[in-house]
Every structure is written in structure tokens, then in C-alpha cells.
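Fold and contact review
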Amino acid sequence: MTASTSSASPLAPEWLEYPADPNALVTKLWASGVQRGDDGQIAVQGLGVSQLAQDHGTPLLVLDEDDFRARARAFRDAFNEAFADLCGGVDVYYAGKSFLCTAAARWVAEEGLRLDTASGGELAAALRAGVDPAHIGLHGNNKSDAEMRRALDAGVGRIVVDSLDELDRLAELAAEAGTVAPVMLRLTPGVHAHTHEFIATAHEDQKFGLSMSGSLAGQAGQAVARALAAESIDLRGLHCHIGSQIFEAEGFGVAARKLLGFLAEIDAEHGVALEELDLGGGHGIAYTAVDTPRAPADIATTLASVVRAACVELGMDCPRISIEPGRAISGPAAFTLYEAGVRKTVTVDGPDGETHPRRYVSVDGGMSDNPRPVLYEADYSVALASRTSSAQAVLSRVVGKHCESGDVLVRDAYLPEDVGRGDLLAVPATGAYCHSLSSNYNMLTRPAVVAVRDGTARVIIRRETEDELFARETGL
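Figured I'd write up the structure that's included with this text.

Conventions we followed
- Residues numbered from 1 in each chain as written.
- Predicted model: local features only at pLDDT ≥ 70, side-chain atom pairs only at ≥ 80, totals over all residues.
- Heavy atoms only, no water.
- 1 Å grid on protein atoms, 1.4 Å probe; cavity = no way out; pocket = protein on both sides within 12 Å on 5 of 7 lines; lining within 4 Å.
- Points joined across faces, edges and corners; volume = space filled by probe spheres on them.
- Helix = DSSP H or I, 4+ residues; strand = E, 2+ residues; numbered from the N terminus.
- Pairing = 2+ DSSP bridges.
- Salt bridge = Lys/Arg side-chain N within 4 Å of Asp/Glu carboxyl O.
- Buried < 20%, exposed > 50% of the residue type's maximum accessible area, 1.4 Å probe, protein only.

Below, the discussion takes up the layout of surface pockets. What the second largest pocket holds in volume is close to 500 Å³. Along the wall of the second largest pocket there are 26 residues; nearest its centre are Leu16, Glu17, Pro19, Val26 and Ala289. Counting only elements with at least two residues in the lining of the second largest pocket, the list comes to β16 (383-384) and β18 (408-416). Among the elements that take part in the lining of the second largest pocket, β18 stands out by supplying 4 residues, more than any other.

Another aspect to go through is the sheet that holds strand β3 (residues 47-48). Sheet architecture is open: 3 strands sit in the order β1-β2-β3, paired in antiparallel fashion. Looking at strand neighbours, the two that pair on one side only are β1 (34-36) and β3, the edges of this open sheet. Pairing analysis gives 2 bridges linking strand β2 (residues 42-44) to β3, with the strands arranged antiparallel. Looking across to β3, one finds that valine 44 is bridged to leucine 47.

This brings us to the pattern of salt bridges. Applying the stated criterion across every chain yields a total of 29 salt bridges. A salt bridge links arginine 320 to aspartate 91; the shortest N-O distance between them is 3.0 Å. One end of the pair, arginine 320, is in strand β13 (residues 320-323); the other, aspartate 91, is in strand β5 (residues 90-95), with 229 residues separating them in the sequence. Looking at aspartate 91, the relative accessible area reads 11%, which means it is buried. The partner of arginine 158 in a salt bridge is glutamate 276, and the shortest N-O contact between them spans 3.2 Å. Taken as a pair, arginine 158 in strand β8 (residues 158-161) and glutamate 276 in strand β12 (residues 276-278) lie far apart in primary sequence, 118 residues in all. Taken individually, arginine 158 and glutamate 276 each receive the classification buried, so the pair is uniform in this respect. It is possible to trace a salt-bridge network through shared partners that takes in Glu65, Asp66, Arg69, Arg73, Glu110, Glu111, Arg453 and Arg458.

See below:
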């Protein structure tokens, strides 16, 4: 039975449409291997969620490895093709902060991508996975001496320097080690990305990067001069990152033009043509049906056109371009599986002056396995995963089990009215920044991560145990 649109709730946000078929899956939200089977269950490469829950428990992060790899290849191939005549191709660095473990690091390397790390721990994961150090980058606005020494000792291909202070310290450490540090300078081009304030990174008033204000007389210009003068620094090029979860192309184009212009100024002032330009990542994905992610080929073609035009205008050769997709590869490749528990219905004042019902459905996870809704007001979608239902869809809010009123996983969604205890719910597009940001809040153990490839599931990160919760305690 299909519910009528007359059942849409006045409490629902404007973007949330009442579903014509509450059992249908919006394809762009899910990994390519996910579909609803003949038995009504959501399955990934034919493996039903009930079996996955029985074998591995819930909450459970289910990752379609084939989809992850395909998205990595799509960025690699699209950018190499679009930039072939400009700079011979593109170096694609997977942004490990979105999701990283040794297995994922190996996938990235096997698909011909490089790996960007943002801490000593991420660097350790890359090295443990056997990634070629020359294909590893190290980021971070406050790298410790130990992290920089480890990067130098390992022979990483680039260290992205974030400040004048860090540049001076890295030069000292490299000189002490008798080596030369390969450096990219992270600049803030002042481009406004239409994203949440906490994940916009190219404006002036934030912690990342060297300001381009004042051109060569400003921070960025000073950093260039110091780097070129330091015998222990090999200045490879410039880097920028304008934000995250970005759908518009304009911001990337503006940033590219500004940095290419700055490269031309450096050449004119110092007689040095820096060979590399990293345009960052931040490409958006679909968390809800109204999100409109751009295909890698579209992103690559648009950006190549901007870079080509800017290089012609400036009369310069195109530097070697690199990019850093993370969320766009890992995010759609996974969903989180939960078991429903308590449900209740409350009445809420609506915009029409009347009261309306809202259904709350509690699940066995929450902000400890996905803090993005409380951190960034991020919206997600949800589907009844263990069966189909002919019940009317009602406005629902999926919440976690933590002792916080803000522990909301999916703020607004339509779920069948009969969803209740024991049902399995799946939240798509949780492959990025969920496992990475997970915690033990309220002393919950962190979920397992299961990867599915060629129809076979295997645990790549096992579920944390209660004994491990206390492993660091001294007992004193």
C-alpha cells in the first residue's frame, strides 16, 4: 500500500518530501552494491542485514569495499584524463581523516592513489599498511616535533606546512637530521565555501593556513621567501583547502585562479617556478534526497577548464596538480546498521497553530558512533532495513541511547508507523567521519567495521570489548 501525500507532516522541513514509496531506496544515498532484496531486506552484494547483524552485532558499520575502490578509481581516472594535456595527469591523495585503517590504506594504494595523513597516528597507519612513503603527505596545523621527525625519517613525499612558526621549526629539525624536508605551503585564499562554519577552512578567521593578504608582503609571501632561503627545505609548491561538503564549482575555480596567480608572482619575484599545486578536496556527497553531488568527471572537467584558462592568461606552464578527495570516496561506500528499541510519540506545536505528532525511535548507538549531527547539524536519511512495511509513513526522529538530549542521529525522516523494537534501521552515507570521530561516551564500545567484497563480508575493525574500555586504567 502506498500512503497518500496528504499524510505529510507540517512539522517536516521544507526539503523533506513525503515518500511515494516508503520502502524505496534513493540510489544516490547508498553504495552501488546495496539494494532491497526479494525478501524485503536491505542487502549489500546479496548479503542481507539480518545475517550481518546476527554475525557481527549492532551497531555495525557496513562498508562496500568494491564501491569504495570504484569511487577511488573514478577520481583517479577522471582527473588524469581531464589534466593529461595540461600537466600529464593528477596526483590524487585520499584524505585519510575521513576513514582510515590499514585495510583502507592498502585499498587506496592498490587503486593507484596516494594518501594524505593529518596526524602521527594516521601516518603510522599508512606506514603499517605498506604505503610507499613517497606517496604519503602529512598535514596538520600543530604538528609535534615527534610527528615531523617521523615524517622526515620515513621519507614522506610532502609535509604541508601551516604557519611561519612551523616552517622555521621544520627547517631546524630537518637540518638536525641532515636531510631536506619536501614542503608544500598551505595558504588561505579567502574563498567563501557555502558550508557549515566549522568545516569552512579558507577564510581568514580560523586556525588553518598562511594568509594571502598582502600578496608577497604578507604571511604567505614571507613563508615562500623563508622556505626558498632555507637549505633544509625543498619548497615543492602551494596547497589550499576551501572547506568540506561543497557542491558548487565556483569556489574551487576562484581558489585555483588565486593560487596560480600567486605562483606567477613568486616566479616573477624569485625566479622560481614552483612545480606543484594542490587544490584540496571537500567535494560533497548526498546525505539526503535533495543533495546534488557532482560526478568526479564533472568536477575534473570544470576544474581543468579553469586551470587551463588561468595558465593561458598568466602565460605560465601548468604545475603538477593534486587533489584530496576523502568523504567523496568513503562516505557513500558505507551505511550504519542499528537495532531499534524504545519508541514514543510526542505532540508538537506546528506552524499552523495546531499540534501534530512526531515519532521518536531510539536505537542502540548514537552520538558515540556518529557525532556529526550534534557537531555540524548534519542531516542524514534512514530506512527500515530488515523488512518492508505497508504501514503509513510518519514523521520520525531517530535518536541514540546516550544521556544527551542532543543525541539525534536523523532529525527528520519518514518511517513506517509500525517500526518498533527489534527492527533494523540503516543510515546511509556514514563511511566518512563517523568511525573517525567515534568515542566511548557513556562507556559504549565502538562498533565493528565489516567490509564486503565480491559478496563476502569480513571484519576489518573488530568491535571493541568492555575489557578494552578499562585497559588503560591503572586501578590506582
